[in-house]
Amino acid sequence: MLSLGPIAPIALAAPWMLLGLITLPVIWWLLRITPPTPQRVPFPPIRILLGLGGEEETPAKTPLWLALLRMLLATLAVLALAHPLLHPNADLSGDGPVLLVIDDGWAAAPNWPLRQQAALGLVEQAKRQQRPVIILTTAPPIGGGPVRASGLLQAAEAEPILRALQPKPWATDRAAAAVAVDNLSLAQPPTVVWLGDGIDGPGRAGLAANLAALGPAQQLRLAQQPLSQRAMALLPPTLTRQGLAATVLRADNAGAGGLASVSVRAVGERGRVLGQASAQFLAGDDRAVADIPLTGELRNRTLRLDLVGPGSAAASILLDERWRRRPVGLVSGGGVEERSQPLLSNLYYLERALAPFAEVRHGEIDGLLQRPLAVLALADIGRLSGTERTEVKQWVQGGGMLIRFAGPHL
């Protein structure tokens with residue numbers, strides 16, 4: 001390969017094809033000659049025969065602009081046959097095989113196209129240098145089993161494997177990858193390139209040590225990644241009075257450079273967005289909290305939380321009954337004395353028993369039954385009026401649960 005580094009970031013894979021430029025003078029001479037213009041004669045055959053003559057004709061000359069254009073096309077054809085390469089990246093040192101280690105866990109999903117393109121570029125360099133390639137992915141395979149490295153592959157065999165490779169929806173197992181590296185037996189020390197995901201997880205130091213023992217190693221970092229392409233994860237949310245508080249983790253916070261934000265949305269049935277909030281990252285922080293305002297009904301209808309932008313298995317959290325609070329209506333017959341002395345209220349211990357597990361609502365029977373309720377609790381309520389009795393009876397017959405506590409008024 002011929003590099004034109006001092007002139008331009010271009011290299012020629014077949015520099016011997018530049019010998020074709022020697023033929024340009026001959027092409028110039030040939031292009032200047034064009035056949036004479038055709039002679040127009042009447043259709044009758046006899047007139048054609050009579051008009052034929054033996055006088056000598058001189059060829060017409062090609063215009064200068066047309067000759068220069070044809071010469072330019074011939075030059076471009078010769079340069080194309082020389083296979084020029086822009087930014088050949090001839091930094092793949094060594095003569096042995098190329099060991100390509102790829103983190104393909106959940107954290108690699110947001111920037112997977114860039115990671116795949118970088119791997120294919122390295123295989124293309126190995127192909128030009130006629131060096132074999134070994135592929136090692138650090139995430140456990142889909143079908144189960146240990147993490148294993150491929151055998152020695154030709155570059156043409158490695159390309160379809162890399163194109164078909166997809167990130168896994170679970171974390172990497174770098175300890176198993178270190179064992180796979182330790183089991184490699186190579187005649188020549190390889191050139192190691194590690195496409196890391198930026199996560200400093202368990203087994204990272206052991207894998208790096210085993211790779212360094214094989215040969216010259218380097219970690220290829222995908223430069224200038226926007227915030228939306230960095231590895232992010234959602235932690236299980238916590239319940240608040242306003243709705244849900246979701247904690248967002250991010251990796252590689254050293255280059256965050258000030259404030260950055262990411263949105264978290266609450267999704268219900270059929271993908272409907274029920275609420276959304278932003279989490280603001282401060283400089284140097286690796287986590288932020290997004291407070292999503294949701295009413296009790298919307299919170300109970302939320303099925304999952306999603307990060308807007310980063311797509312990975314860790315960017316979604318499925319919600320179950322642990323994050324749902326069923327509404328419970330409390331009605332007390334204490335009157336004014338109960339409000340003036342809350343510690344003696346009929347609802348004091350009942351509220352504290354239900355608050356960690358349910359959404360407590362206070363009011364009268366008419367107002368509470370206007371909204372969906374899971375349980376209606378009457379604390380020492382005396383005789384119900386005719387309207388209240390009818391409403392409660394219809395509500396119970398419709399599937400509601402009524403709990404009535406006995407007291408002096410009952």
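So, how was this worked out
The residue numbers shown here count from 1 along each chain, following its written sequence. Local features are withheld for residues below a pLDDT of 70 in this predicted model, meaning they are given only at 70 or higher, and side-chain atom pairs are given and counted only at 80 or more; totals for whole chains, interfaces and linings count all residues. Just so you know, side-chain values use all the structure's heavy atoms and leave hydrogens and water out. Between rings of Phe, Tyr and Trp, where Trp is taken as its six-membered ring, a pair exists when centres lie within 6.5 Å; planes separated by under 30 degrees are stacked, by over 60 edge-to-face, and by other angles tilted. Charge-over-ring placement is defined geometrically: NZ (Lys) or CZ (Arg) within 6 Å of the ring centre, and within 35 degrees of the ring normal. Helix and strand assignments come from DSSP, with helices taken as H or I runs of at least 4 residues and strands as E runs of at least 2, each series counted from the N terminus. Residue contacts are defined here by distance: any two heavy atoms, one from each residue, within 4.5 Å place the two residues in contact. Every axis in this analysis is a line fitted to C-alpha atoms, fitted for helices over the stretch in contact. Angles between the N-to-C directions lie between 0 and 180 degrees. Roughly parallel here means an angle under 35 degrees, roughly antiparallel means over 145, roughly perpendicular means 65 to 115, and every remaining angle is called oblique. Here is the rule for handedness: rotate from the far helix to the near one, and if that takes an anticlockwise turn smaller than a right angle the crossing is left-handed, while a clockwise turn gives right-handed. Side-chain classes follow a simple rule in which Ala, Val, Leu, Ile, Met, Phe, Trp, Tyr, Cys and Pro form the nonpolar group, Asp, Glu, Lys and Arg form the charged group, and the remainder, Gly included, forms the polar group. Each helix should span, by expectation, one fewer than its residue count multiplied by 1.5 Å. We call a residue buried when its accessible area falls under 20% of the maximum for its residue type, exposed when it is over 50%, and partly exposed in between, using a 1.4 Å probe and counting protein chains only. Each C-beta atom gives one direction from the helix axis, and the arc is the one those directions make. As used in this record, nonpolar core signifies buried Ala, Val, Leu, Ile, Met, Phe, Trp, Tyr and Cys residues forming a set joined through side-chain atoms within 4.5 Å. Polar contacts, as counted here, are pairs of nitrogen or oxygen atoms within 3.5 Å of one another; within protein the pair requires one atom able to donate a hydrogen and one able to accept it, and residues that are adjacent in sequence qualify only if both atoms are side-chain atoms.

(A) Spotlight on the packing of aromatic side chains. Scanning the entire structure with this criterion turns up 0 aromatic pairs. Lying over the aromatic face of W194, R204 brings its terminal NZ or CZ to 5.2 Å of the ring centre.

(B) Geometry of the side chain of T137. As for its placement among the helices and strands, T137 is situated in strand β7 (residues 133-137). Those residues in contact with T137 that lie beyond four places of it in its chain are I102, D104, V147 and L165.

(C) Structural view of the packing of helix α6 (residues 174-182) against helix α7 (residues 204-214). It is at 8 Å that the axes of α6 and α7 come closest, and there the two elements cross at 20°. Classified by the angle between their axes, α6 and α7 sit roughly parallel to one another. Regarding α6 and α7, the two cross each other, and that crossing is left-handed. Counting all contacts with α6, which are made through R174, A177, A178, V181 and D182, the residues of α7 involved are R204, G206, L207, N210, L211 and L214. Residues of the contact of α6 with α7, tallied by class, amount to 6 nonpolar, 2 polar and 3 charged.

(D) View of helix α12 (residues 386-397). The end-to-end C-alpha distance of α12, which contains 12 residues, comes to 17 Å, matching closely the 16 Å that a straight helix rising 1.5 Å per residue would cover. Of all the residues in α12, the buried ones are E388, V392 and W395. Down the axis, α12 shows its buried residues gathered within 65° of arc, on one side only. In α12, the exposed positions that point more than 90 degrees away from the buried face belong to G386, T387, R389, K393, Q394 and Q397. Directly after α12, the chain includes G399, whose backbone phi takes a positive value near 115°.

(E) Molecular detail of the nonpolar core. Within the largest apolar cluster, 22 residues are counted, with the highest numbers of intra-cluster contacts made by L234, V248, V262, V264, I292, L305 and L307. Counting residues per element, the ones that place at least two in this core are β10 (232-234), β12 (243-250), β13 (260-267), β14 (273-281), β15 (287-293) and β16 (304-307). Per element, the largest residue contribution to this core is 4 residues, and it comes from β14. Aside from chain neighbours lying at most four places away, what touches V264 is L234, A246, V248, G275, Q276, A277, A290, I292, L305, D306 and L307. Core analysis: the second largest hydrophobic core is formed by 20 residues, V98, A126, V133 and L153 among them.

(F) Region of interest: the side chain of T302. Of note, T302 is situated in the loop between α8 (296-301) and β16. For T302, a relative accessible area of 0% corresponds to the buried category. A distance of 2.8 Å separates the side chain of T302 from the backbone oxygen of L298, its partner in a polar contact. With near-sequence residues (within four places) excluded, T302 lies in contact with A266, V267, L274, L294, L319 and R324.

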